[in-house]
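Structure at a glance
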2 protein chains.
Amino acid sequence: MSFVLDPAAQDLLFREAHTANTFTDEPVTEEQIQAIYDLVKFGPTAFNQTPLRVVLVRSAEARERLVQHMGGNNKAKTSTAPLVAIFAADNEFHEELPHLFPVFPAAKDAFFSERPVREQNAGMNAALQAAYFIVGIRAAGLAAGPMTGFDHAGVQKEFLDGDHTPLMVVNIGKPGEDASRPRAPRLAFDEVITTV
Amino acid sequence: MSFVLDPAAQDLLFREAHTANTFTDEPVTEEQIQAIYDLVKFGPTAFNQTPLRVVLVRSAEARERLVQHMGGNNKAKTSTAPLVAIFAADNEFHEELPHLFPVFPAAKDAFFSERPVREQNAGMNAALQAAYFIVGIRAAGLAAGPMTGFDHAGVQKEFLDGDHTPLMVVNIGKPGEDASRPRAPRLAFDEVITTV
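Below is a short write-up of the structure. Model, not experiment: these values are computed from the prediction. (Residues numbered from 1 in each chain as written. Chains lettered and ligands numbered in written order. Predicted model: local features only at pLDDT ≥ 70, side-chain atom pairs only at ≥ 80, totals over all residues. Heavy atoms only, no water.)

All right, on to the overall build of chain A then. Helix and strand counts for chain A come out as nine helices and five strands. Ordered by position from N to C terminus, the α and β elements of chain A give α-α-β-α-α-β-α-α-α-β-α-β-α-β. For a compact globule of 196 residues, the expected C-alpha radius of gyration is about 16 Å, and chain A comes in at 18 Å, within 12% of that figure. With the C-alpha coordinates of chain A rotated into their principal frame, the extents come out at 50 × 50 × 35 Å. Counting only residues that meet the buried cut, chain A has 54% of its 196 residues in that class. Sequence separation of 24 or more characterises 80% of the internal contacts of chain A that already satisfy a separation of 6 or more. Approximately 8,000 Å² of chain A is accessible, and the part contributed by carbon and sulfur atoms is 52%. The distance from the centre of the 17 positive side-chain charges to the centre of the 25 negative ones in chain A is 2 Å. (Helix = DSSP H or I, 4+ residues; strand = E, 2+ residues; numbered from the N terminus. Rg over C-alpha atoms; globule rule 2.2 N^0.38 Å. Buried < 20%, exposed > 50% of the residue type's maximum accessible area, 1.4 Å probe, protein only. Contact = heavy atoms within 4.5 Å. Areas by Shrake-Rupley, 256 points an atom, 1.4 Å probe, with all protein chains shown as cover. Lys, Arg positive; Asp, Glu negative; His and termini not counted. Charge placed at Lys NZ, Arg CZ, Asp CG, Glu CD.)

If you want it as structure tokens, here you go:
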């Protein structure tokens, strides 16, 4: 079976791509992040709710504040990556729905009037978008280093607000020396996929 | 700024890709799903936990049982798609961690002994993998129609068990006539991304 996506692109996005733990000094520009966003913003979400919000941590002062909240091994990586981004879910995404979902502008009130429903939706759909963003980082020739090991309440208080839940912190840059661990095993097809 | 991924591949995966609501009759083969899985299984998850589990609904009998649980507009789409898959999160993924995360086999007990922690991890990381899978479906020249509008408890009871939480049901196939809605608006860069 042949993919439409060519093998080099398959390698770039998945087979030869690895989470990076070290990076070169080469900066990640605003133009690169803009281009990545302008590509991956088209990834599908439920009701086109697109709840992912991103904080780019560019100043030395903000970087220092973020590092304090990172877990053990993640402190050094987060200190030295060319760019660090906080990915968060906007639990009040429904405010944008009349604009984002014009085929049914009433979805905002019909489906999303309750906060727990919004939190569940925002969490899952922002995670979908986080994955699209990681694919986009790789498409741009950069490596991502996503991390969930940090004080989530601390990062939320320091950089977000009560309506935004942090999902992950992502280091971004060109991979450095010994950037990645050897590929870990994956589950076999039959362990993951069943047919009924 | 130039991507490494070429423009045609960008179009295939994001810019020209759309959620499909109708499909041709062309079957989706086991070989295609195997190839998609063998590509997207490499997408990163926390601790390589890879909690996504997939049920391919291939028999007419199972299809009928699934359609009963789908919401209004989703019944017809789910009845007619060449292949329908249930994407679920395995809340007991930690059992596989000694194999999947060999650099720290003790992660299973050190971090994931509590079920609520596992559920939170399984939900987010299975959503990341769902997004990789959707990208993989598109890479194979197929279209995805992900849906969250269904009776989640009903689908769980009918096709899964108490340890597996359904995330979405995904129609898969070649897009048919008028398969997609016009592209809905996306948020502007400045509405999504802030810099500190």
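This next bit is on the pairing of strand E4 (residues 164-173) of chain A. Residues and elements named next belong to chain A. Counting buried residues in E4 gives nine out of 10 residues, a clear majority hidden from the surface. Bridge count between strand E2 (residues 83-90) and E4: eight bridges; the pairing is antiparallel. Across the sheet, the residue bridging to valine 84 is asparagine 171, located in E4. Where strand E3 (residues 143-147) meets E4, five bridges bridge the pair, whose relative direction is antiparallel. Bridge assignment links proline 146 to a residue of E4, and that residue is valine 170. (Pairing = 2+ DSSP bridges.)

A word on the interface of chain A and chain B. In this complex, chain A contributes 76 residues to the contact, which on the side of chain B involves 76 residues. With both sides pooled, the region where chain A packs onto chain B buries about 6,900 Å², and carbon together with sulfur makes up 72% of that total. In terms of surface lost to chain B, no three residues of chain A exceed A:Phe14, A:Arg186 and A:Val196, which account for 11% of the buried area on that side. If you look at where chain A meets chain B, you find zero salt bridges. For the side of chain A that touches chain B, the elements supplying multiple residues, two or more each, are helix H1 (7-15), helix H2 (30-40), strand E1 (52-57), helix H5 (97-100), helix H7 (115-139), E4, helix H9 (189-192) and strand E5 (193-195) of chain A. (Buried area = accessible area lost by both parts, 1.4 Å probe. Salt bridge = Lys/Arg side-chain N within 4 Å of Asp/Glu carboxyl O.)

Turning our eyes to something else, we now look at the relation of the copies chain A and chain B. Each copy of the sequence occupies a distinct position, and chain A is placed on chain B by a rotation of 180° and an axial shift of 0.0 Å, giving an RMSD of 0.0 Å. On this basis, the relationship between the two copies can be described by a two-fold rotation axis. Take the interface residues of chain A: 100% of them recur as interface residues in chain B, which is what a same-surface contact looks like. (Least-squares fit on C-alpha atoms with pLDDT ≥ 70 in both.)

Right, let's talk about the layout of surface pockets for a bit. When its volume is computed, the second largest pocket comes out at roughly 1,200 Å³. Lining the second largest pocket are 45 residues, and of these A:Thr45, A:Ala46, A:Phe47, A:Phe101 and B:Arg181 lie nearest its centre. Looking at the lining of the second largest pocket, its residues break down into 22 nonpolar, 18 polar and five charged. (1 Å grid on protein atoms, 1.4 Å probe; cavity = no way out; pocket = protein on both sides within 12 Å on 5 of 7 lines; lining within 4 Å. Points joined across faces, edges and corners; volume = space filled by probe spheres on them. Nonpolar A, V, L, I, M, F, W, Y, C, P; charged D, E, K, R; others polar.)

Once that is clear, we can look at the pattern of salt bridges. All names here are of chain A. Counted according to the given criterion, the structure contains 24 salt bridges over all chains. We note a salt bridge from arginine 115 to aspartate 163, for which the minimum N-O separation is 2.8 Å. In this pair, arginine 115 sits in helix H7 while aspartate 163 sits in the loop between helix H8 (152-159) and E4, placing the two residues 48 residues apart along the sequence. With a relative accessible area of 24%, arginine 115 lands in the partly exposed category. A residue is classified by how much of its surface remains accessible, and aspartate 163, at 31% relative accessible area, is partly exposed. When salt bridges with common partners are traced through the structure, they connect Glu92, Arg115, Arg118, Glu119 and Asp163 into a single cluster.

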